[in-house]
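Notes for the structure review
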Amino acid sequence: MKKFTHRWQRKSCLVLMLLAFGGAVPLQAAVTADKATIKPLAWPITGKVTSSAGEPLPGVTVLLKGTSNGTATDANGNYSLSVPENGGTLVFSFIGYTTQEKTFSGPGTVNVTMADDARALEEVVVTGYAVQQKKDLTGSVAVVNVEEMTKQPTAQVTSMLQGRAAGVTVVGNGQPGEAPQIRIRGFNTFGNNNPLYVVDGVPTTNINDLNPNDIANLQVLKDAGSASIYGSRAANGVVIITTRKGKDKIKVQYDGYYGTQRPKTGNVWNLANPTEMAEITRQALTNTAIANGKDPAAISHPQYGTASNWGLPDYLVAGNSFGIKGETPATDPSLYRTNPNYTGGNTELGTFYRIVEANKEGTDWFHEIFRPAPITSHNVAVSGGGDQGSYYFSANYFNQQGALINTYLKRYTVRSNSQFNVNKNIRVGENIGYSATDNPRITAVGGDDPIGYAFRQQPIIPIRDIMGNYAGSFATGLGNSRNPVAAMERRINNKSLGTRLFGNAFAEADIFRDFTLRTSFGGEYYANTDNSFTFPEYENSENNTFNQYTQNASSGYNWTWTNTLAYHKNFNEVHDLRVLVGTEAFDSRGINLGGTTQSYFSFDPNYTTLGTGFGGQTNSSSRSAESLFSLIGRVDYNLKDKYLLGAVIRRDGSSKFGASNRYGVFPAVSAGWRISQEEFMKGISWLADLKIRGGYGIMGNQINITAGNIFTTYGGERRNTYYDIAGTNQNIELGFRKTRIGNPDAKWESNINSNIGLDATLFGGVFDVTVDYYRKQIVDLLFNPELPGTYSTAERPYVNIAEMKNSGIDAAITGHFSATQDLKFDITGTLTTYNNKILKVSNGAQNFDAEGRRFNGSNIIRNMVGESMSSFFGYQIEGFWNNQAEIDAANAQARTAADDANVVYQSDVAVGRFRYTDINGDGLITANDRTVLGSPNPDFSYGLNVAATYRNFDFNIFLYGTQGNEIWNQVKWWTDFYGNFAGVKSKTALYDSWMPERTNATAPILETGGSFSTSSVPNSYYVENGSYLRARNAQLGYTLPANLLSKYGVGRLRVYLQGANLFTITKYSGLDPELNAATTTAFGIDEGNYPNMRQYLIGVNVTF
Amino acid sequence: MKKPRYIIMAAALAIAMQILPACKDEFLEKPVLGALSEELVATRAGVNALLIGAYAALDAQQGDQQNLSGGNAWEASPTNWIYGSVAGGDAHKGSDGTDQPAINVIAKFLTDPSNGFLNSKWRAVYEGISRTNLILSIMPKAADIPDAERKTIEAEARFLRAHYYFELKKMFNMVPWIDETTTDYNQPNNVDIWPNIEADFQFATDNLPATQAQVGRVNKWAAMAYLGKTYLYQKKYQEAKTQFDQVIASGVTSNNLKYGLVDKFKDNFDAATENNKESVFAIQMVANDVTNSIANANQGEMLTYPYNSPFRCCGFYQPAIDLVNSYRTDANGLPVVNNYNANPVKNDMGILSKDPFTPDAGTLDPRLDWTAGRRGIPYLDWGNHPGQNWIREQSTAGPYSPKKHVYWKATADKFSDQHSWAPGSAINYVVIRFADVLLMAAEAETQLGNLGQAQGYVNMVRARAANPANIVYTYVDNNDPAKGFTTTPAANYNVAPYPSGAFTALGKEGALNAIYFERKLELAMEGHRFFDLVRWGIADQVLNAFFAYEGAIVPDVRGGQFVKNKNEYYPIPLRQIELQSTNGESSLTQNPNYR
């Protein structure tokens, strides 16, 4: 009965909401504009209105200034108007174009080219639930030049944003389809810092599948004044995207490019060749023997032999013999036995007889897995529109093959946007996009991935053995890397398919004179599946012997229903008032499924399914549900076009909070003063426009807390809580534990945000400048800090505990000027700074650490109070211990300082190892001497776009850079220290490691084993300057003369050549200073990053 | 004309707004999905499942290569191969020098409180404690449990809790006590918890049945043996003896086998023969369960198999040269308790596998070849140990391979688990086996002056070692071990019980030394050595002698130094001190002399 009541209630509420709004619509009567009676005048004036591209513009309003005498252009852009004979001014206006005024002194012809120039102050900017003119903005809004932005040859809109919008930081790498980390104005949380995206009015957290060609405009709302209207989802900033609409006559546009991506050439990690590796090994063993008082002549190595006959082997392995010189009975090929697709597990593996010849020339593993790869994009768009509505349809095929073999992004997208003008006051329409994506990627983690294998696998190992099967590290003395080529080639059958339908339908009605009612129902449905096959391995020292098929699927939907009522009235050109109220409901559901099965009779990809293996089967699933309900209000008031005031408020309710704290209110106010409109400013001729803005408000955030945060829960998991209580050796029985500690009292966190900025237009519109300074304080930050071990390991609750702040400056400048009649320049520069500071982590610990990598037991990253996110933490190296006397002196001092005869200055100290700095000055090195060694957060980042046109040629170059950030180059852990696993080492290890006669070295002494004083704890050895300047994109285009094309029905044809990532200026010694950012709280570590590729492309834009 | 429209519209909106809150509350109520509420577990079945969950924490594992704290599996291994055996000088860390460097500093007593391994161990064990407390706090809310069952559940839970605290006590000494009544988990470590551990084991002793329907459940006798061990650690020898006497006289296993030593020493280390009469308290391991992972298959020891071998990975936990030398026996088959390194066992350091090597020809205790794998001697039924080829880096960590937890080839399909890059196994970890009880009893008797009784217990252990069933024989066919063993011993074995009156002749100190040494030989590589050395008060002399001897041969322990009055206990994990602080003041106090 209760259920029934609820269901009825829910239904009834929907019905009533519909009735409420639906009922209102018919109320609107035909509202007739007041039309002054026009007295015919004798003098006609005619002309043609065209766009800047030369196309005729129908529907342009032509008005005689100061009167209501006007007309509109016809389908060919022509107009005719009767005017007074003594002359006057004609005003030409059309949505999307700058309004122009032309004076005339009498009858005749006035032709006008309408500029759709984005710099105009009248430019219409889509903000939260509203459309505003740029001059009226009081919040901090970055308007991105979409045309320039989308020139970047990538599939991800988020990647394209890099350097394009001041205040937006984009951190990504070169892997096709890998979404970058995007942050607006620093960090707001230890969790997800992704902004909210609002596409055609529908909020979403994912725009990875959005076709960049479909974007009409893109704005970034950065402060509370502009973004608080999105309330609890606004704290990370809001990116507003509007997709293209049709207008004018039917237009067919094709844009396409094809190109090649080129991996970096040369010895990218500065690795030693096989001969050098033998020498490095000899030196390391010799140094260790001497240090231990052993006879260096007694050293031996399973591959290089004994000291007396040290050298490269001819065979790495033959059966159970390793490091064989010359032919022996063991190397007889008839003994060879390997079954690459073995199904007999460890037992069968034990019967293999491998024979692998040494590759004395050395295998270049990087270039065996990174090869030139093509990139293609084809895009067709059809659009058009008129009085009755508009339509836009597009289709895109994008295929970026990864330079890393068997990685790629293939994506198909279609979009249909249409709007129907039912009558003068009612509009209905839809925007909908569908995408299908196949995107196998690798996950780079800590050297245990194919890129890591490439800087770990010894070069003496060939790709294949004597019979053409894979060769690898199997054999003592070759380390434990895996064959990177094998690892990548075995991914060949790994596929993924992601599909997503995203969009909305809307209806808008102008009711009475000043009200607009709008309802929009939108959302997404997605379904993703991927499958992978794990082949058994046989060539490595640490082989997986099982074969396994894994398939995962996730699907779900969410919907957002938004209803708004907007009021706009201008009172006597003095007061301009806009008011909006509304409601928004959001509901989201999702499921995940996963399964694995082992032991397949055949590895044929057409055979392997979850059902066809005969081994162990496991499966898992999860479901999620969450919802939000919001009330929205905003007021924008403009007095005399000089004084601007904005206020927004939103009340959000979230299913993630308990009943007591379910609702939060997020207000913001902002104001602007257009000083240039004041009389006293009129005399300043170089200042066309100047506005000072300021805003203050509170935003919320609930994205990070888990849906079940309210609840304390119990449950079991086979690997964790089940137990073989009956001692069967094979069966486990059901067990439970506490799985989650609930927090029903969590409340909304507050992101208190203030912003001050100015917008200026200088030199008659040649330069537009926008500068903002902001401060953000996040209090009651929802975080799930680590609890003392005494609490249990149940999932920790999110509590309102942490605090952090950010401040910074965003600046953007755009310039447009002509050097000559034909040579025109457009320059856009952006500058982004953020200063992030953690103020509180928990009531107990003042930090939390991450990224142990191979320093098991200690971490590279410390997020600590007083520092910015993801700081590098460890011991500061101040040099080498150059002789025993230095060590003895330090130890003697330490014993005095500590008054303890047992202490030493520094653990594991020895000649040739690092000397650490005694940070706390207590006379000896302890864990308290660890310090912040660097930060991956830049002092500033910047973008500079220079576009030039000369007659039919256009040229564009985009530079992006970061300054003042550090990189933790963990690759050097593997390559510069002999003792850190028996992989390949660097030339630095051989030619620039400490020796008694080479104390001015880079790396410590070559020795077996690791120590506190060399490589077993994080220290400053790995910290490098990560600043760089990169030519992200350069394009040279040529537009064919229009008269040449018109006879073929072609409106416009442009061809271009393009280069991406053409050059990079950096001091960073690694492969690429641009690193992917795995998580908010731990980034800036390079341990085999997927590098960005240089790209060369050729492209064409055609319009019919 | 206009007015009515405004009114109607406003009214309609007002109605809509009125209605909305009604649906809003419902709309924003989302249940938690895929989890149980307390009401659902506060039942007889639920509480019993919580009890199984508390047993499941014994192996400290939760996922693929992951222990209960979220760290790597081996950081919290219940076998204490790192904290008990490597730290005790039984073994080297093994592998490459910089593989798992946190163990290097533990092995050399250079660890500082920031070592994350110690934090893992702490957290994993406290998870076990929290599971036992959960049983005790939820059980009163479950009305449908019969009183007798209630008693047994509580006794099992308190046995397990005492075991977990025992782990913490011997590792860290001063730790916070958390029980089912605790509401503030930020408890200080300023109270000795031995009385609490005693009380729990006493309760378990008083309330557990002698036998159980399922062999994995603890019983009365296991509780009594553990209580005796608790007394022994506190040097309460009389109380310890009282417990051990009863256990030795009357104890049975949960499956009702009278406690005794199995004939074959190796049967303690084989899944086919486990839960035998020697198994007092064991952690049940399982291979090839339905998880496609080795999480329940002694995952904490996944690294500890020979390298480039049929086990694939990972070459850790290499027995020390010092340990192997300890198995040298004299002409009478007796151990060389003092100065055993004077006549070291020949090894193959520096000799490539392809170059010839002949194993040691002197007399040895056969337990050696069930404890350490050495070149030229059958490695179970896997073939003769090939030396360097199975060793990851001999020049760093020595020539030997571990053996006790390694499964047999003949039954590998059943008892090994290959669902990871390193093997798992179904071989139980026996926390207390009867030989241990006998040697503990011998210790108590010696301390109480009953040397004859003590020698009797030691000789029971030695007699089993001397049983010909414990000799390792050569293969019929070295190239095909499956063909079985010959009757030719693989080495020159000679072991015998102490002659009558030997302990009396040695005196109390000498007898204790003999017992200590016997524990080393019998229980080597089983995670006990370090804790034994500490409670005997000889850790500094034994371990510093070890570093002097072993460090000169095998460099990975060079520079090791045990500092008396400091290294007896591991440092309280720095992370826990930080987490338990309020306004910069921690409720946890660091152990003495750690910085």
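Because the structure is predicted, anything quoted here is derived from the model rather than measured.

Now for the overall build of chain A. Tallying secondary structure elements over chain A gives 14 helices and 57 strands in all. Computed over its C-alpha atoms, the radius of gyration of chain A comes to 34 Å, within 12% of the 32 Å expected for a compact globule of 1104 residues. Structurally, chain A occupies a C-alpha span of about 115 × 75 × 70 Å along its principal axes. In chain A, the share of contacts with a sequence separation of at least 24, taken over all contacts with a separation of at least 6, comes to 69%. When the accessible surface of chain A is totalled, it reaches about 42,500 Å², and 55% of it is carbon and sulfur. Side-chain charges in chain A split into 95 positive and 96 negative, and the spacing between the mean points of these groups amounts to 6 Å.

Here we take up the packing of helix α15 (residues 434–447) of chain B against helix α17 (residues 502–523) of chain B. Residue and element names in this part refer to chain B. Packing of α15 against α17 leaves a shortest axis separation of 10 Å and a crossing angle of 170°. It follows from the interaxial angle that α15 and α17 lie roughly antiparallel. From α15, Ala435, Asp436, Leu439, Met440, Ala442, Glu443, Thr446 and Gln447 reach across to α17, where they touch Lys508, Ala511, Leu512, Ile515, Tyr516, Glu518, Arg519, Glu522 and Leu523. Along the lines of polarity and charge, the residues of the contact of α15 with α17 split into 9 nonpolar, 2 polar and 6 charged.

This part covers the sheet that holds strand β22 (residues 321–324) of chain A. Residues and elements named next belong to chain A. Spatially, the 3 strands line up as an open sheet ordered β22-β21-β23, and their pairing is antiparallel. At either end of the open sheet lies a strand with only one pairing partner, and these are β22 and β23 (355–357). When the angles between neighbouring strand axes are averaged without regard to direction, this sheet yields 15°. Bridging between strand β21 (residues 315–318) and β22 involves 3 bridges; their strand directions are antiparallel. Paired with Val317 across the strands is Phe322, a residue of β22.

In this structure, Phe159, Tyr165, Val437 and Tyr570 of chain B are the most contacted members of the largest nonpolar core, which totals 182 residues. With 12 residues, the single largest contributor to this core is helix α7 (residues 147–172) of chain B. Residues contacting Tyr570 of chain B, with those up to four places away along its chain left out, are Ile82, Tyr83, Ala87, Ile106, Leu118, Met171, Phe172, Phe530, Phe531, Asn591 and Tyr594 of chain B. One finds Ala475, Val971, Val984 and Val1017 of chain A within the second-largest nonpolar core, a separate group that totals 84 residues.

As a further point, take the interface of chain B and chain A. Taken together, the 132 residues of chain B in the interface contact 136 residues of chain A. Interface of chain B and chain A: buried area, both sides summed, is about 10,800 Å²; carbon and sulfur atoms make up 56% of it. Three residues stand out in chain B for area buried against chain A, namely Leu28, Lys30 and Arg595 of chain B, and they jointly supply 7% of the buried area on that side. Linking Arg595 of chain B and Asp900 of chain A is a salt bridge whose minimum nitrogen-to-oxygen distance equals 3.6 Å. The interface formed by chain B and chain A contains 47 residue pairs in polar contact (both at pLDDT 80 or more). Broken down by element, the side of chain B that touches chain A gets its largest block of residues, 18 residues, from helix α1 (residues 2–27) of chain B. Here the side of chain B that touches chain A is built from residues that sort into 62 nonpolar, 42 polar and 28 charged.

Here the focus is the pairing of strand β28 (residues 495–511) of chain A. Residues and elements named next belong to chain A. Most of β28 sits inside the fold, with 12 of its 17 residues counted as buried. Across 12 bridges, strand β27 (residues 426–438) lies against β28 in antiparallel orientation. By the bridge assignment for β28, Val428 is matched with Ala507. Strand direction decides the pairing type here: β28 and strand β29 (residues 515–534), joined by 17 bridges, are antiparallel. Along β29, the bridge assignment pairs Leu497 with Thr529. Hairpin connection of β28 to β29: 3 residues between the antiparallel strands, including Phe512 at a positive phi of 50°.

All names here are of chain A. Spatial ordering of the open sheet is given by β3-β2-β5-β6, a layout of 4 strands whose pairing is antiparallel. Looking at which strands have only one partner, the edges of the open sheet turn out to be β3 (70–72) and β6 (100–104). For this sheet the average axis-to-axis angle between neighbouring strands, irrespective of direction, equals 20°. Two strands pair when backbone bridges link them, and strand β2 (residues 61–64) and strand β5 (residues 88–93) are joined in this way by 4 bridges, in the antiparallel orientation. Counterpart to Leu64 in the pairing with β5 is Leu90.

Residues and elements named next belong to chain B. Over its 14 residues, helix α10 (residues 237–250) extends 20 Å from the first C-alpha to the last, a length consistent with the 20 Å expected when each residue adds 1.5 Å. Looking at α10, one finds that the buried residues are Tyr237, Ala240, Lys241, Gln243, Phe244, Val247 and Ile248. All buried residues of α10 lie within an arc of 165° about the axis, which places them on one face of the element. Contact partners of the buried residues in α10: α9 (220–233), α15 and α16 (451–466).

This next bit is on the pairing of strand β9 (residues 124–127) of chain A. Residue and element names in this part refer to chain A. Taking every second residue as pointing to the same face, the buried face of β9 carries Val125 and Thr127, while none of Val124 and Val126 on the other face is buried. Here β9 runs beside strand β10 (residues 130–133); their pairing, made up of 4 bridges, is antiparallel. Counterpart to Val125 in the pairing with β10 is Gln132. In this antiparallel pair of consecutive strands, β9 and β10, the connection spans 2 residues, and Tyr129 shows a positive phi of 60°.

Our focus in this paragraph is the packing of aromatic side chains. Any two aromatic rings considered together are summarised by their centre-to-centre distance and by the angle between their planes. All names here are of chain B. A complete count under the given rule lists 92 aromatic pairs over all chains for this structure. Where Phe159 meets Phe281, the ring centres are 4.9 Å apart and the plane angle is 85°; that geometry is what we call edge-to-face. Highlighted residues: Phe159 in helix α7 and Phe281 in strand β4 (residues 279–283), separated in sequence by 122 residues. The burial state of Phe159 is the same as that of Phe281; both residues are buried. With a centroid separation of 5.6 Å and an interplanar angle of 70°, the aromatic rings of Phe530 and Phe531 are classed as edge-to-face. Of the two residues, Phe530 and Phe531, both sit in the buried class.

Right, let's get into a nonpolar patch on the surface. All names here are of chain A. A grouping of Tyr643, Trp673, Phe680, Ile692, Ile756, Leu758, Val771, Tyr773 and Ile809 is seen on the molecular surface, where their side chains present a nonpolar patch of about 770 Å² in accessible area. Sorting the residues of the nonpolar patch by element identifies β38 (750–762) and β39 (767–783) as the ones contributing at least two each. Here Tyr773 is to be found in strand β39.

Okay, the side chain of Asp59 of chain B next. All names here are of chain B. In this structure, Asp59 sits in the loop between α3 (44–56) and β1 (61–63). Despite being buried, Asp59 has no salt bridge partner; Arg131 is the closest side chain of opposite charge, sitting 7.0 Å away. A polar atom in the side chain of Asp59 sits 3.0 Å from the backbone nitrogen of Gln61. Contacts of Asp59, omitting those with residues within four sequence positions, involve Pro78, Ile283, Met285, Ala295 and Asn296.

Checked against the element boundaries, Gly852 of chain A lands in the loop between β43 (847–850) and β44 (861–864). Once residues within four sequence positions are removed from consideration, Gly852 of chain A is found in contact with Ser858 and Asn859 of chain A.

Turning our attention to the pattern of salt bridges. What the rule picks out here adds up to 95 salt bridges over all chains. A salt bridge links Arg392 of chain B to Glu542 of chain A, with the nearest nitrogen and oxygen atoms 3.5 Å apart. Pair noted here: Arg392 of chain B is in the loop between β7 (372–373) and α13 (394–397) and Glu542 of chain A is in the loop between β29 and β30 (548–571), and the two residues belong to different chains. Comparing Arg392 of chain B with Glu542 of chain A, the two get one shared label, buried. The residue Asp587 of chain A makes a salt bridge to Arg589 of chain A at a minimum N-O spacing of 3.5 Å. Among the residues examined, Asp587 of chain A registers a relative accessible area of 4% and is labelled buried. By relative accessible area, Arg589 of chain A is classed as partly exposed at 35%.

All names here are of chain A. With 95% of its residues at a pLDDT of at least 70, chain A reaches an overall mean of 90. Per-element averaging of pLDDT across chain A places helix α1 (residues 2–24) at the bottom with 42 and strand β52 (residues 1023–1025) at the top with 98. Scored below 50 in pLDDT, residues 1–41 makes 48 contacts in the model with residues more than four places away or belonging to other chains.

Here we come to the packing of α16 of chain B against α17 of chain B. All names here are of chain B. The interhelical angle for the contact between α16 and α17, taken along N-to-C directions, is 35°, at an axis separation of 10 Å. Crossing angle aside, the handedness with which α16 passes α17 is left-handed. Mapping the contact onto sequence places Leu451, Ala454, Gln455, Val458, Val461, Arg462 and Arg464 in α16 and Ala502, Phe503, Thr504, Gly507, Lys508, Ala511, Ile515, Glu518, Leu521 and Glu522 in α17. For the contact of α16 with α17, the class distribution of residues is 9 nonpolar, 3 polar and 5 charged.

Inspection of the secondary structure puts Leu33 of chain B in the loop between α1 and α2 (38–41). When its relative accessible area of 32% is taken as the criterion, Leu33 of chain B is described as partly exposed. Considered as a pair, Leu33 of chain B and Ile135 of chain B are 102 residues apart in the sequence and their alpha carbons are 23 Å apart. When neighbours within four sequence positions are excluded, Leu33 of chain B is seen to be in contact with Arg623, Ser624 and Ala625 of chain A.

Parameters and conventions
- Residue numbers restart at each chain and count upward from 1, following the sequence in its written direction.
- Key to labels: chains lettered from A, ligands numbered from 1, both in the order written.
- Totals for whole chains, interfaces and linings use every residue, but because this is a predicted model, local features are given only for residues with pLDDT of at least 70 and side-chain atom pairs only at 80 or more, for both listing and counting.
- Only hydrogens and water are removed before side-chain values are computed, so all heavy atoms of the structure are retained for them.
- Strands are runs of DSSP state E lasting at least two residues, helices are runs of H or I lasting at least four, and both sets are numbered from the N terminus onward.
- This radius of gyration counts C-alpha atoms alone. The globule rule is 2.2 Å times how many residues there are, raised to the power 0.38.
- Any pair of residues with heavy atoms lying within 4.5 Å of one another is described as a contacting pair.
- For the area figures, the Shrake-Rupley method with a 1.4 Å probe applies, and any residue is considered shielded solely by the protein chains shown.
- Only four residue types enter the charge count, namely Lys and Arg as positive and Asp and Glu as negative; His and the chain termini do not.
- In plain terms, the charge of a residue is placed at NZ if it is Lys, CZ if Arg, CG if Asp and CD if Glu.
- Note on geometry: axes are lines fitted to C-alpha atoms, helical ones only across the stretch in contact, with angles between N-to-C directions running from 0 to 180 degrees.
- Any angle between 65 and 115 degrees counts as roughly perpendicular, while under 35 counts as roughly parallel, over 145 as roughly antiparallel, and the rest as oblique.
- We call Asp, Glu, Lys and Arg charged. Ala, Val, Leu, Ile, Met, Phe, Trp, Tyr, Cys and Pro are nonpolar, and the rest, Gly among them, are polar.
- In this analysis, strands are considered paired if DSSP registers two or more bridges between them.
- Here the nonpolar core consists of buried residues drawn from Ala, Val, Leu, Ile, Met, Phe, Trp, Tyr and Cys, with membership extended through side-chain atoms lying within 4.5 Å.
- Summary of the burial criterion: residues with accessible area below 20% of their type's maximum are buried, those above 50% are exposed, and those between are partly exposed, where the area comes from a 1.4 Å probe applied to protein chains only.
- Two parts placed together each lose some accessible area under a 1.4 Å probe, and adding up what both lose gives the buried area.
- We count a salt bridge whenever a side-chain nitrogen from Lys or Arg sits within 4 Å of a carboxyl oxygen from Asp or Glu.
- Identification of polar contacts relies on pairs of N or O atoms within 3.5 Å, with a donor-acceptor requirement for protein atoms, meaning one able to donate a hydrogen and the other able to accept it, and with residues adjacent in sequence counted only if both atoms are side-chain atoms.
- Every helix has an expected span of 1.5 Å times one less than the residues it contains.
- Comment: arc refers to directions from the helix axis out to C-beta atoms.
- Only Phe, Tyr and Trp rings take part, Trp by its six-membered ring, and two of them pair if their centres are within 6.5 Å. Stacked means planes under 30 degrees apart, edge-to-face means over 60, and tilted covers everything else.
- A patch is a set of surface residues, each over 30% in relative accessible area and not in a salt bridge, joined within 9 Å for like charges and within 5 Å for the nonpolar side chains Val, Leu, Ile, Met, Phe, Trp and Tyr.
- What pLDDT expresses is the predictor's confidence in each residue, scored from 0 to 100.
- Should the near helix be turned anticlockwise from the far one by less than a right angle, the crossing is termed left-handed; should it be turned clockwise, right-handed.

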